[in-house]
Amino acid sequence: KDGDLDGVFQFSSHLYKGIIEEVLAGIEERGDEEVAKDLFNIIVALEALGRPGPLEGGMVPKFASGLADPDSVEAIHPVVDKILSETYGNMLYQEQILFILRQLGGFSLGRADMVRRGIASGKKEKIEEQRLPFIEGVEKIQLENNPNTTPEDMESLLKLANHIFDLMAFWSGYGFNKAHSVGYGFLSLRGAWLKANYKSHFMAALMSAQKDEEKITGYIDEIRARGINVLPPKINKSLLGFTVVGEEILFGLKAIKGVGDAAIQKIISNYPYSNIMDFIIKAGNRTVLPPLIKAGYFDEDKKFLLKYWQVMVEIKDCKTKADESLVDYLLENGITKDNQMDVGKRFENIIYEKSLKKRTPKTVEECKNLINREEYSHLELLNMEKEVLGLFLSESPLDRFRDIIVSQTTLNSNIKEHKMGEEFYIVGMVLETPQARKDKNRNDMCFLKLQMFDGILEVPVFTQSYVKYKERLIEGKILICKAKKIRGGVSLNQMADLAEKEKEFREFFGVGIAK
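Residues numbered from 1 in each chain as written. Predicted model: local features only at pLDDT ≥ 70, side-chain atom pairs only at ≥ 80, totals over all residues. Heavy atoms only, no water.

**Student:** Could you give an account of the overall build of the chain, naming the residues involved and the relevant values?
**Tutor:** When you go through the chain residue by residue, the secondary structure sums to 25 helices and nine strands. On C-alpha atoms alone, the chain measures out to a radius of gyration of 33 Å, which is more than a quarter above the 24 Å that the 2.2 N^0.38 rule sets for 515 residues. Each of the three principal axes of the chain carries a C-alpha extent, and together these read 115 × 55 × 45 Å. With 515 residues in all, the chain has 45% of them scored as buried. Across the chain, the fraction of contacts at a sequence separation of at least 24, relative to all contacts at a separation of at least 6, is 60%. Charge separation in the chain, taken as the distance between the mean sites of 71 positive and 77 negative side-chain charges, equals 6 Å. (Helix = DSSP H or I, 4+ residues; strand = E, 2+ residues; numbered from the N terminus. Rg over C-alpha atoms; globule rule 2.2 N^0.38 Å. Buried < 20%, exposed > 50% of the residue type's maximum accessible area, 1.4 Å probe, protein only. Contact = heavy atoms within 4.5 Å. Lys, Arg positive; Asp, Glu negative; His and termini not counted. Charge placed at Lys NZ, Arg CZ, Asp CG, Glu CD.)

Right, dumping it as structure tokens:
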């Protein structure tokens, strides 16, 4: 009812969401309680309505209007009306054709199925071969049930029978197998119920089964919008997939780029770890440590670990007494805010002063490069998180402009509320520098992916805007854009770097200057 269908079997596509929205309008007119008893039949019908045939045949609006007001469904014949009552006058299922042929025309089930297959094949001559037997069957049943039928009434009935056969011949090519639709409907209903009643567990399972990074990002945006927090991966807690902790969802190790299944199994099988040094000795190596640190998996300070992780790998085998002494200290005390300055000095002493002959020149050089590097900025740390998790999880660069975005611009989820041709502002971060393309007139344009607060928006940037603003379309740039609603989405007409022009836009919108 809420349209919260992402991840629900069959119903998560834009096509089905549109169909369901149209049908829901009918449900609201009729009243929830009256419709509730027929809910499963409605879901089964929805499965079939999304197929090419019913869509081409215009069955969706007819079904929606019949659902809203069953008395508005046009009567055809008592037998046919009863068979089509569950689909509000639509010959939606192939089985309905079978029942009409059998109950009205007296066909056996075997023969009725042959007719159905002939009609579905679209061979007109095969269809016409069955018209006369059907008409004769209608006449025979009528005479058996009512021997006193007048010639006038019989003529009217047979004329109606011809009309019904025409309807079957037309609609049967659009029909869907109801048995198939019932199976799909059961899975859809079960998924929707689970999502409505156990949203955290449902979404955790859904994301664990998903490999598409962009879809996982979309699911997390949806989860957050509905008040469920998604936590970064954590040592001793994260498992292979996403898991539920209370009402929150914990990031799964499998979703971290650069950490393979074999490494994950080794990590989990050695739980618990007392600290990162214990982890490195039991399960860590030069491959898995960088992505885990960037993801925020360890409790220790991320900047410190990025600077010294290679030294920790280097000393884990205790090649010298200095190594052994420091490893013992770290296993017992860990790395805390109180001791990390002293620990850092000891790391540097080991690399610069002690026992260099027992280490390879390459290793020493790598450690020195990390130690001497300038400290990572806050934005660099966020970008590292996005690099390995596929999204900004702990914090977004957009958070700095939250007050402007929420009060003065349109969120991704609200774009649909604007009318065609209406202009509005949006704010988003460029996910990747777009490649120029040629439009139908051989002019340059591009498609731009923007990370917004509540999802990813892909928009066309047409020639005039592209030529004018292409220097600003750089990965990581936060843009404020004047957009216009067009058929199928939005177009961008004006763009500015919000970080550079923050003060001007705050003054323009009347929003306080950020500290």
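**Student:** Could you give an account of helix α14 (residues 213-225), naming the residues involved and the relevant values?
**Tutor:** Look at α14: 18 Å from first C-alpha to last across 13 residues, which is about the 18 Å you get at 1.5 Å a residue. Taken together, the buried positions of α14 are I216, T217, Y219, I220, D221, E222 and I223. Where α14 is buried, its residues touch α12 (178-197), α13 (199-209), β1 (230-231), β3 (248-250), β6 (444-452) and β7 (455-461). (Expected span 1.5 Å × (residues − 1).)

**Student:** Residue-level account of the pattern of salt bridges, with values.
**Tutor:** Applying the stated rule across the entire model yields 18 salt bridges. K257 serves as the salt-bridge partner of E213, at 2.8 Å between the closest nitrogen and oxygen. Of this pair, E213 sits in helix α14 while K257 sits in the loop between β3 and α15 (261-269), and the two are 44 residues apart along the sequence. The exposure class assigned to E213 is partly exposed, which follows from its relative accessible area of 34%. Across the salt bridge formed by D399 and R402, the nearest N and O atoms sit 3.1 Å from each other. The partly exposed category is assigned to D399, whose relative accessible area is 26%. By relative accessible area, R402 is classed as partly exposed at 42%. Salt bridges sharing common partners tie together R400, D403, E502 and R506. (Salt bridge = Lys/Arg side-chain N within 4 Å of Asp/Glu carboxyl O.)

**Student:** Break down the nonpolar core for me, with residues and values.
**Tutor:** Membership of the largest hydrophobic core comes to 110 residues, with the highest contact counts inside it found for F134, F279, L292, F298 and F347. Take this core: its biggest share by element is nine residues, from helix α18 (residues 302-315). Those residues in contact with F134 that lie beyond four places of it in its chain are I100, L101, L104, G105, F107, A161, I164, F165 and M168. (Core = buried A, V, L, I, M, F, W, Y, C linked by side-chain atoms within 4.5 Å.)

**Student:** Tell me about the sheet that holds β3, and please be specific about residues and values.
**Tutor:** Pairing in this open sheet of three strands is mixed, and the strands run β1-β3-β2 from one edge to the other. Strand pairing shows two members of the sheet lacking a second neighbour, β1 and β2 (243-245), which therefore form its edges. Here three bridges tie β2 to β3, and the two strands are oriented antiparallel to one another. From the neighbouring strand, V244 faces β3, where its bridge partner is I249. (Pairing = 2+ DSSP bridges.)

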